[in-house]
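Structure at a glance
As a plain string of letters, each chain reads:
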Amino acid sequence: KEEEDRDEDLDYEFSDWYLRSEHDLTKKLNVDFKYQTLRKDYVADGSYDYHGFIGSNGIRYQLINDRERSVYFNLSLEHKEIDFLTLSDLSNVKNALSLKATYRKKEKWKVSPWIKTAKKEYADPLEDYDNHELGISWEKEWRDKDITLGLEIATRFKDFQSKSDETLTWFNVSNSIRF
């Protein structure tokens, strides 16, 4: 932005790094582990500064993999902690579990339904909520994967402890072109 149009209260420095390890246990079973750290420091006002980490584990099982198609399942576990340095009421811990199944017609398209559940906890238990998500995505490929079109529809239900629950449904369309 131009200097005169900038809101200096929103300027921040951000750091993010991660380590990831992936292991093939068998021809059909794969696991991965990831550890990530996050830090955001606002230049003008440190009220919203935070740091945190994410630890995750994924398991992928390949049920079918032949010349025409593949079917695989992904199970993912995640633990995330965010600590706000001065506003401790915003600090939170999130634990999530997701399962995704994918059917892929080789060189053509793939479809993936998924379900995800998470629990987010704050210092004040009345702010805690459970998050449940159900969705499906579809992706079509052309010209040796150089052009793709994706569609996704999902619904998220937030079950709050102390206020009205929320339901959100969204629809995404995406495309990519490789040169």
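Please refer to the structure higher up on the page.
Residues numbered from 1 in each chain as written. Predicted model: local features only at pLDDT ≥ 70, side-chain atom pairs only at ≥ 80, totals over all residues. Heavy atoms only, no water.

1. Things to note about a nonpolar patch on the surface
What counts, and what does not: The patches described consist of residues with a relative accessible area above 30% and no salt bridge, like charges being joined within 9 Å and nonpolar side chains (Val, Leu, Ile, Met, Phe, Trp, Tyr) within 5 Å. Accessible areas in this description were obtained via Shrake-Rupley with a 1.4 Å probe; residue shielding takes into account the shown protein chains only. When a carboxyl oxygen of Asp or Glu lies within 4 Å of a side-chain nitrogen of Lys or Arg, that pair is called a salt bridge. Each helix corresponds to a stretch of at least 4 residues labelled H or I by DSSP, and each strand to a stretch of at least 2 residues labelled E; elements are numbered beginning at the N terminus.
Taken together, the side chains of Ile 59, Tyr 61, Leu 63, Phe 73, Leu 75, Leu 77, Leu 97, Leu 99, Ile 115 and Leu 134 define a hydrophobic patch exposed on the protein surface, amounting to about 820 Å² of accessible area. Residue assignment for the nonpolar patch shows that the elements contributing at least two residues are strand S3 (50-65), strand S4 (69-84) and strand S5 (92-105). Position of Leu 99 relative to the elements: it lies in strand S5.

2. A few points about the sheet that holds S5
Backbone hydrogen bonds hold the strands of a sheet together, and the pairing may be parallel or antiparallel. Rules: Think of it this way: DSSP has to see at least two bridges between two strands before they count as a pair. Fitted lines through C-alpha atoms give the axes, limited to the stretch in contact for helices. The angle between two N-to-C directions lies from 0 to 180 degrees.
Pairing in this open sheet of nine strands is antiparallel, and the strands run S1-S2-S3-S4-S5-S6-S7-S8-S9 from one edge to the other. The sheet is open, and its two borders are formed by strand S1 (12-24) and strand S9 (166-177), each paired with just one other strand. Strand-to-strand twist across the sheet, computed as the mean angle between neighbouring axes with direction ignored, equals 15°. One ladder, built from 15 bridges, connects S3 with S4; its direction is antiparallel. Within S4, the residue paired with Gln 62 across the bridge is Tyr 72.

3. Details of the nonpolar core
Soluble, globular proteins show a tendency: their nonpolar side chains are buried together. This is how the line gets drawn: Remark: nonpolar core denotes a set of buried residues (Ala, Val, Leu, Ile, Met, Phe, Trp, Tyr, Cys) joined through side-chain atoms within 4.5 Å. Three exposure classes are used, based on accessible area relative to the maximum for each residue type with a 1.4 Å probe and protein chains only: buried under 20%, partly exposed in between, and exposed over 50%. In this description, contact between two residues means that some pair of their heavy atoms is separated by no more than 4.5 Å.
Among the nonpolar cores identified, the biggest contains five residues, and these are Leu 38, Tyr 50, Ile 54, Ile 82 and Phe 84. Put simply, the parts of the chain that give this core at least two residues each are S3 and S4. Setting aside residues up to four positions removed in sequence, Phe 84 forms contacts with Tyr 48, Asp 49, Tyr 50, Leu 90 and Ser 91.

4. Thoughts on the pattern of salt bridges
Evaluated as defined, the whole model comprises eight salt bridges. Across the salt bridge formed by Arg 69 and Asp 66, the nearest N and O atoms sit 2.9 Å from each other. A relative accessible area of 30% means that Arg 69 is categorised as partly exposed. Through salt bridges with shared partners, a single network forms among Arg 20, Glu 22 and Asp 32.

5. Brief notes about the pairing of strand S8 (residues 147-160)
The pairing of strand S7 (residues 129-142) with S8 spans 14 bridges and is classified as antiparallel. Looking across to S8, one finds that Leu 134 is bridged to Thr 155. Between S7 and S8, which pair antiparallel in sequence order, lie four residues; one of them, Arg 143, sits at a positive phi of approximately 50°. Pairing geometry for S8 and S9, over twelve bridges, is antiparallel. Pairing of Phe 157 across the sheet is with Thr 167, part of S9. Counted along the chain from S8 to the antiparallel partner S9, the turn is five residues long.

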